[in-house]
Amino acid sequence: MNIITNSMGITRLFMDDLYEKGFQAKKIIKISRKEKIIDYKKALDELIGNPEKIIILITPKITTNLESIAHLIATHPLKSKIIPIFLGEKSKHEYNEIFKKNKVKYINRIL
């Protein structure tokens, strides 16, 4: 599996849990602190042709636009390989509607 994340701290904890269950990340792509939607698109585009599942692990920050990220996931050619995990409650109703409309399965965890 591959991981795209905006938080390496949470990703390390997540990876520890996955490793205990026998999973391993092939590639981790860290999105910069200034995180723009184009950064997520570039990260996804970099994984085109890669057969592995993609986890997008997001911790909401002031600069995080969850609605835009949800729309990108719902319309990207890799949509069927993506497992979005959005941590926290920020903008849940907005991305929830996008995912429902586009039949994207996702995980939401409140911190």
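That block above? That's the structure.
Below, the structure is looked at part by part. Since this is a predicted model, take the numbers as computed values, not measurements.

### Looking at helix α2 (residues 37–46)
Given 3.6 residues per turn, any residue in an α-helix points the same way as the ones three and four places further on.
Here is step 1: Along α2, the positions that sit buried rather than exposed are Tyr-40, Ala-43 and Leu-44. Down the axis of α2, the sector holding all buried residues measures 95 degrees, keeping them to one side.
Here is step 2: Looking at the buried side of α2, the elements it contacts are β1 (2–5), β2 (27–30), β3 (54–58), α3 (66–75) and β4 (82–87).

### Quick notes on the sheet that holds β2
As a general point, the strands of a sheet are linked pairwise by backbone hydrogen bonds and lie either parallel or antiparallel.
Here is step 1: Pairing is parallel across the open sheet formed by five strands, whose spatial order is β2-β1-β3-β4-β5. Looking at the sheet topology across the chains shown, the edges are occupied by β2 and β5 (107–109). Across this sheet, the average inter-strand angle for adjacent strands is 15 degrees, counted without regard to direction.
Here is step 2: Pairing between β3 and β4: five bridges, direction parallel. Bridge pairing in β4 links Leu-57 to Ile-85.

### What to know about the packing of α2 against α3
Between two packed helices, both the angle of their axes relative to each other and the distance between the axes serve to describe the pair.
Here is step 1: Across the interface, α2 lies against α3 with an axial gap of 10 Å and an inter-helix angle of 25 degrees. If you check the angle between α2 and α3, you find them roughly parallel. Pair α2 / α3 crosses with right-handed handedness. Touching Ile-37, Tyr-40, Lys-41 and Leu-44 of α2 are Ser-68, Ile-69 and Leu-72, all from α3.
Here is step 2: Looking at the contact of α2 with α3, its residues break down into five nonpolar, one polar and one charged.

### Looking at the pairing of β2
Here is step 1: Two elements, β1 and β2, share four bridges in a ladder whose sense is parallel. Along β2, the bridge assignment pairs Ile-3 with Ile-28.
Here is step 2: The parallel pair β1 and β2, bridged by helix α1 (residues 8–20), forms a crossover whose chirality is right-handed.

### Structural notes on the nonpolar core
Here is step 1: Ile-4, Ile-54, Ile-56, Ile-73 and Phe-86 are the most contacted members of the largest nonpolar core, which totals 23 residues.
Here is step 2: Elements with a contribution of two residues or more to this core: α2, β3, α3, β4 and α4 (92–101).
Here is step 3: Per-element tally for this core: the top contributor is α3, with six residues.

### A closer look at the pairing of β4
Here is step 1: Of all six residues making up β4, five are buried, and the element is well covered by its neighbours.
Here is step 2: In this fold, β3 hands off to α3, which returns the chain to β4; that crossover is right-handed.
Here is step 3: Where β4 meets β5, three bridges bridge the pair, whose relative direction is parallel. Directly across from Leu-87, in β5, lies its bridge partner Arg-109.

### What about unusual backbone geometry?
Here is step 1: Unusually for a residue other than glycine, Lys-103 sits at a positive phi of about 55 degrees.
Here is step 2: One can find Lys-103 in the loop between α4 and β5.
Here is step 3: With a relative accessible area of 73%, Lys-103 lands in the exposed category.

Rules used in this analysis
Residues numbered from 1 in each chain as written. Predicted model: local features only at pLDDT ≥ 70, side-chain atom pairs only at ≥ 80, totals over all residues. Heavy atoms only, no water. Buried < 20%, exposed > 50% of the residue type's maximum accessible area, 1.4 Å probe, protein only. Helix = DSSP H or I, 4+ residues; strand = E, 2+ residues; numbered from the N terminus. Arc of directions from axis to C-beta. Contact = heavy atoms within 4.5 Å. Pairing = 2+ DSSP bridges. Axes fitted to C-alpha atoms, helices over the stretch in contact; angles between N-to-C directions. Parallel < 35°, antiparallel > 145°, perpendicular 65-115°, else oblique. Left-handed = near helix turned anticlockwise from the far one by under 90°. Nonpolar A, V, L, I, M, F, W, Y, C, P; charged D, E, K, R; others polar. Right-handed = clockwise from strand over helix to strand, strands pointing away. Core = buried A, V, L, I, M, F, W, Y, C linked by side-chain atoms within 4.5 Å.

Function-wise, these values are silent; they only describe arrangement.
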